[in-house]
Amino acid sequence: MRIRNTLSGKLEELKPTDPGIVKMYVCGPTVYGLIHVGNARPMIVFDALRRYLEYRGYRVIMVQNFTDIDDKIIVRANELGVTFKDVADSFISEYWRDATALGVRAPNFAPKTSDFVQQIISSIEKLIAKGYAYVVDGDVYFDVKSFPKYGELSHRSLDDMISGARVEVNEKKRNPLDFALWKSAKPKEPAWQSPWGLGRPGWHIECTIMSTELLGSTIDIHAGGEDLIFPHHENEKAQSEALTGKPFVKYWMHNGMIRFSGDKMSKSLGNIFLLRQAIKAFGADALKLFFLSKHYRSPIDFSQDAIMSTVKAAQRASETFNRFESKISVPPLAKSDEWLEEKRAAFCDSLDDDFNTPKAVALIFEMINDLNRAMDEANDDMAVKIYHLLRREFCPVLGLFEVPSWAAKNSIDEVLQILIGVRNELRSRKVYDLADEIRLKLRANGIELKDKPEGTDYTFTGEV
């Protein structure tokens, strides 16, 4: 597999530090509000990358953090009269709700900044002792001039960055690019005791500590939006390598931004489309298709018109799968053959080329057309072969069309039949309120009951 490394600007072959194991860190959200579709792009892309690496036989250890100590969280907490932790934990719960609805798998570790404050303090002490950081009135800053490779990731020279920087009203800094590792306490802010007095961590140091604590000094893939390249990832790289003396990341991957009317979508600009609104309006599969049909490094213009074509494509795929599942009994696929291996090779060739999901998605829809043709021609053997490859391999690798199919239905059918039986018993006893409540709760979770003369059946709508 070849990945375009932001650090080198070149395609590089993936060679993990530990053979067979990929250590992956993805920058997560600052939890002061509900996530929007801009947040969804890295969630979808790097979840799919993780799935593909596992498909190719790698063991992936994935970390995605939550920034739960931040100015915006503190402002929100003070407005509501609660603690920063109340705000952060509330929106972390909402994040998991949205991620589940989107069909994105949880990482192996989901650390919060507040759980690593002592490790952060210890690491800042080491940076000071090594001459990379300095203390001023209870604040601690990283001295960028002490790190010769500063600017290497963002491909900028230090002199150019300094001359182009706006001089902040902060005379504590030795130069305007120095960044805070520790901030002294202010009224109505959370604070921890440190060697420099009460205070709290700066933003950039958290990812360094969480990644090194959980994944080691050098990680294989560090991913996030391209807006994080500078200053966040540049600062992460500098402080991490200053701290450990080792390369921080082997492969940096950055997805392009979501644009809304030409501007980057962000909460600060007020032009956001909440993820849960988008899932309700368009469906999780359509959203995934929308993002995966574009190369992860390309910017995307988000609009209702732009996404409607993928809504129709997702519906067409689901209809094809439903058609197959309603007509053909699917036995286990006994063995591979030349046709299957050719398709697998084409799929892997696409994703091995800097994770070219548009090409892989095109192959999936080409095969969906082939599946319809095989069913039209009553070629059941070919239909089963295509279906197995799509449903058991290609679609799950990209996280697509995971609304329960025949395989998943077998595992939950028994539970649904019990619920249907309870509902029928309630109806026979004329306890209609409870019977209707069962129907409505199932509908709210994407399962529609259909009462027929011969009994009650169910279908998966995918609408949650």
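Visitor: How would you sum up the packing of helix H1 (residues 37-55) against helix H9 (residues 284-292)? Please name residues and give values.
Guide: Two quantities define a packed helix pair, namely the angle between the axes and the distance from one axis to the other. For the pair H1 and H9, the least separation of the axes is 10 Å and the interaxial angle reads 80 degrees. One element, H1, and the other, H9, form an angle in the roughly perpendicular class. Residues Val37, Ala40, Arg41, Ile44 and Ala48 of H1 form the contact with H9, whose own contacting residues are Leu287, Lys288, Phe291 and Leu292. Here the contact of H1 with H9 is composed, by residue class, of seven nonpolar, no polar and two charged.

Visitor: How would you summarise the domain arrangement of the chain if you had to cite specific residues and measurements?
Guide: Each assigned domain of the chain is listed here: domain 1 (2-255), domain 2 (304-407) and domain 3 (411-460). Each of domain 2 and domain 3 has a C-alpha centre, and the two are 31 Å apart.

Visitor: Quick one: what's the story with the nonpolar core, residue by residue and with numbers?
Guide: Core analysis: the largest hydrophobic core is formed by 128 residues, its most contacted members being Leu102, Ile221, Ile364 and Leu398. Two domains each provide a minimum of three residues to this core, namely domain 1 (2-255) and domain 2 (304-407). With sequence-adjacent residues up to four places away left out, Leu102 is seen in contact with Ala40, Met43, Ile44, Leu275, Ile279, Ala284, Leu287 and Lys288. Ranked by size, the runner-up nonpolar core spans nine residues in total, among them Ile438, Leu442, Ile447 and Leu449.

Visitor: Kindly report on the pattern of salt bridges, identifying the contributing residues and their values.
Guide: Counted under the stated rule, the structure contains 37 salt bridges. Each member of the salt-bridge network shares a partner with another, and the members are Arg423, Arg427, Arg439, Arg443, Glu448 and Asp451.

Visitor: Can you lay out the sheet that holds strand S3 (residues 21-26) for me, pointing to particular residues and giving the numbers?
Guide: Strand order in the open sheet made by the four strands is S4-S3-S9-S10, with parallel pairing throughout. Where the open sheet ends on each side, the last strands, each with one partner, are strand S4 (59-64) and strand S10 (249-255). Here the average twist between neighbouring strands, direction ignored, is 20 degrees. As paired elements, strand S9 (residues 219-225) and S10 share six bridges and run parallel to each other.

Visitor: Hey, could you go over the pairing of S9 for me, with residue numbers and the actual values?
Guide: A large share of S9 lies buried, amounting to seven of its seven residues. Looking at chain direction, S3 and S9 are connected through three bridges and run parallel. The partner of Met24 across the bridge, within S9, is Ile221. Taken together, S9, helix H7 (residues 229-244) and S10 constitute a β-α-β crossover, and its handedness is right-handed.

Visitor: How would you explain the environment of Gly33 if you had to name every residue and give the values?
Guide: Relative to the assigned elements, Gly33 resides in the loop between S3 and H1. Of the residues examined, Gly33 reaches a relative accessible area of 12% and is grouped as buried. Residues Gly33 and Ala110 lie 77 residues apart in sequence; the distance between their C-alpha atoms is 18 Å.

Visitor: Describe the packing of helix H3 (residues 84-102) against helix H8 (residues 275-282), with residues and values.
Guide: Where H3 meets H8, the closest approach of the two axes is 10 Å, and the angle between their N-to-C directions is 25 degrees. Viewed along their axes, H3 and H8 adopt a mutual orientation that is roughly parallel. The way H3 lies across H8 gives a crossing that is left-handed. Between H3 and H8, the contacting residues are Glu94, Arg97, Asp98, Ala101 and Leu102 on the first element and Leu275, Arg276 and Ile279 on the second. Residue classes in the contact of H3 with H8 are distributed as four nonpolar, no polar and four charged.

Visitor: A description of the packing of aromatic side chains should follow, citing residues and the corresponding values.
Guide: Here the structure, examined in full by the defined rule, presents 21 aromatic pairs. Centroid distance Phe282 to Phe302: 6.5 Å. Interplanar angle 70 degrees. Geometry classified as edge-to-face. Residue Phe282 is found in helix H8, and its partner Phe302 is found in the loop between strand S13 (300-301) and helix H10 (304-327); the two are separated by 20 residues along the sequence. Accessibility expressed as a relative area gives 9% for Phe282, which makes it buried.

Visitor: Outline the confidence of the model for the chain, supporting the account with residue identities and numerical values.
Guide: Close reading of the predicted structure is inappropriate where its pLDDT is low. The pLDDT averaged across the chain works out to 91; a share of 92% of its residues lies at or above 70. Segment residues 404-411 is flagged for pLDDT under 50; beyond a separation of four residues in sequence, or across chains, it makes 13 contacts in the model.

Visitor: Can you lay out helix H12 (residues 357-376) for me, pointing to particular residues and giving the numbers?
Guide: Look at H12: 29 Å from first C-alpha to last across 20 residues, which is about the 28 Å you get at 1.5 Å a residue. Following H12 by one or two positions, Ala378 adopts a phi angle in the positive range, close to 60 degrees.

Visitor: So what's going on with the side chain of Arg439? Residues and values would help.
Guide: Within the secondary structure layout, Arg439 lies in helix H15 (residues 432-444). Those residues in contact with Arg439 that lie beyond four places of it in its chain are Arg423, Glu448, Leu449 and Asp451.

Visitor: Report on the pairing of strand S5 (residues 133-136), specifying residues and quantitative values.
Guide: Relative to strand S6 (residues 139-142), S5 runs antiparallel, the two sharing four bridges. Bridging from a neighbouring strand, Val136 pairs with Asp139 of S6. Counted between consecutive antiparallel strands, the loop separating S5 from S6 contains two residues, among which Asp137 sits at a positive phi close to 50 degrees.

Here is what the cut-offs are and how they apply
Residues numbered from 1 in each chain as written. Predicted model: local features only at pLDDT ≥ 70, side-chain atom pairs only at ≥ 80, totals over all residues. Heavy atoms only, no water. Axes fitted to C-alpha atoms, helices over the stretch in contact; angles between N-to-C directions. Helix = DSSP H or I, 4+ residues; strand = E, 2+ residues; numbered from the N terminus. Parallel < 35°, antiparallel > 145°, perpendicular 65-115°, else oblique. Contact = heavy atoms within 4.5 Å. Nonpolar A, V, L, I, M, F, W, Y, C, P; charged D, E, K, R; others polar. Domains from an automatic or database assignment. Core = buried A, V, L, I, M, F, W, Y, C linked by side-chain atoms within 4.5 Å. Buried < 20%, exposed > 50% of the residue type's maximum accessible area, 1.4 Å probe, protein only. Salt bridge = Lys/Arg side-chain N within 4 Å of Asp/Glu carboxyl O. Pairing = 2+ DSSP bridges. Right-handed = clockwise from strand over helix to strand, strands pointing away. Left-handed = near helix turned anticlockwise from the far one by under 90°. Phe/Tyr/Trp six-rings, centres within 6.5 Å; stacked < 30°, edge-to-face > 60°. pLDDT = per-residue confidence, 0-100. Expected span 1.5 Å × (residues − 1).

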